[in-house]
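Each chain, letter by letter, is given below.
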Amino acid sequence: IGNDDAGTRIKAFLQSMEMSTAGLSVHPQKNTGTCIVTIDSAGERSFIYSSGANSEITSFTEFLPMIEDESVVHLGGGLDLPALSGLNLTLIVRDLKEKGCFVSMDLAWDWMNKGWKGLVSSLEFIDLLSMNEKEASLLTGLHEISDSAARIVQAGCPFVVIKLGSRGAYIHSQQFRGIVPGFSVPAIDSTGTGDAFCGAMLYSLSNHRPVYESIRFANAVGAFCIQQVGALAGIRSYQETLRFIQEQDASTPK
């Protein structure tokens, strides 16, 4: 973050949620990265983005000692930041695997055009890679989601998740391969939906739930998120989310 009002607000919010801010790096000159989101009538977004202090992160060395061995580590914004592509990324994920970590990464839009070359050398060290349908096609150059997932698995990553919005998510893993259906809900604002999905998915997987069940849970959290303006307002409690899934399953014709 930058040494500015936005950075101060971010730190205060994380602390209010009882999250550690020990890993926040404050840049003395650059502003905090900023993204202005415009939303159309279907809830889809366009972005005006300034990377700010995010672009200054080129090394992971200072953060690595803060991560406990055998942790679940999620890297958001793959291919979006200089540190999360090419040789930098390979070194990061290799070091994490040497600590016995489960490494998950979610792709962002590849505005730097790093592409397949920016990711392929890292795939053998990444346990789970998630992205949306457009990002999958852009990354692999393939139009079928199953082909895109298969290419990524063949390159070394054993678990691929391709988010499909209300249709759910396509999964290629040892435990399950195919589409886990989503939920049809009113779409107000998709901001944060993919991140909410990833958080829910990793929470469930880290609690040793089956792959299909974990993705179904993540789909439900994403469905809640998209029904409110903003990245957090729509997210419900764990029990409410489970109740929603049960109600939806009960009402679906067998």
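Above: the structure in question.
This section reports on the structure supplied with the text. (Residues numbered from 1 in each chain as written. Predicted model: local features only at pLDDT ≥ 70, side-chain atom pairs only at ≥ 80, totals over all residues. Heavy atoms only, no water.)

## Description of the environment of Phe 159
Within the element layout of this structure, Phe 159 appears in the loop between helix H4 (145-154) and strand E6 (160-163). Looking at Phe 159, the relative accessible area reads 9%, which means it is buried. Residues Phe 159 and Ser 173, 14 residues apart in the sequence, show an inter-C-alpha distance of 4.6 Å. Filtering out sequence-adjacent residues up to four positions away, Phe 159 remains in contact with Asp 127, Leu 128, Leu 129, Ile 171, His 172, Ser 173, Leu 205 and Val 211. (Helix = DSSP H or I, 4+ residues; strand = E, 2+ residues; numbered from the N terminus. Buried < 20%, exposed > 50% of the residue type's maximum accessible area, 1.4 Å probe, protein only. Contact = heavy atoms within 4.5 Å.)

## Re unusual backbone geometry
Notably, Glu 18 is not glycine yet its phi reads approximately 60°, a positive angle. Tracing the backbone shows Glu 18 in the loop between helix H1 (5-16) and strand E1 (34-39). Since its relative accessible area comes to 78%, Glu 18 is described here as exposed. At Glu 70, a position not held by glycine, the phi torsion is positive, near 65°. Topologically, Glu 70 is positioned in the loop between strand E2 (45-50) and strand E3 (72-78). Owing to a relative accessible area of 66%, Glu 70 belongs among the exposed residues under this scheme.

## Considerations on the side chain of His 27
For His 27, the location among the structural elements is in the loop between H1 and E1. Within the local environment of His 27, its side chain forms a polar contact with the backbone nitrogen of Gln 29, the two atoms lying 3.1 Å apart. In contact with His 27, not counting residues within four places along its chain, are Ile 1, Gly 2, Asn 3, Ala 53 and Glu 56. (Polar contact = N/O pair within 3.5 Å; in protein donor to acceptor, adjacent residues only side chain to side chain.)

## Re the sheet that holds strand E8 (residues 177-180)
Read across the open sheet, the six strands follow the order E3-E4-E5-E6-E7-E8; overall the sheet is mixed. Every interior strand has two partners, whereas the edge strands, E3 and E8, have only one. Shown here is a sheet whose adjacent strand axes are inclined to one another by a mean of 15°, direction ignored. Of the strand pairs in this sheet, strand E7 (residues 169-172) and E8 are connected by four bridges, and their pairing is antiparallel. The residue of E8 that forms the bridge with Ile 171 is Gly 178. (Pairing = 2+ DSSP bridges. Axes fitted to C-alpha atoms, helices over the stretch in contact; angles between N-to-C directions.)

## Describing the nonpolar core
Core analysis: the biggest nonpolar cluster contains 35 residues, and Leu 75, Leu 96, Leu 119, Leu 129, Met 131, Ile 152 and Ile 162 have the highest contact counts within it. Within the residue set of this core, elements represented by two or more residues are E3, helix H2 (86-98), strand E4 (102-107), strand E5 (128-132), helix H3 (133-140), H4 and E6. Top contributing element to this core by residue count: H2, with four residues. In this structure Leu 119 touches Leu 79, Leu 89, Met 105, Leu 107, Ile 126, Leu 129 and Leu 139, once residues within four positions along its chain are discounted. In terms of nonpolar packing, the next biggest core, distinct from the first, is built from 25 residues, Ala 196, Val 211, Ala 223 and Cys 225 among them. (Core = buried A, V, L, I, M, F, W, Y, C linked by side-chain atoms within 4.5 Å.)

All quantities given are derived from atomic positions and should not be read as evidence of function.
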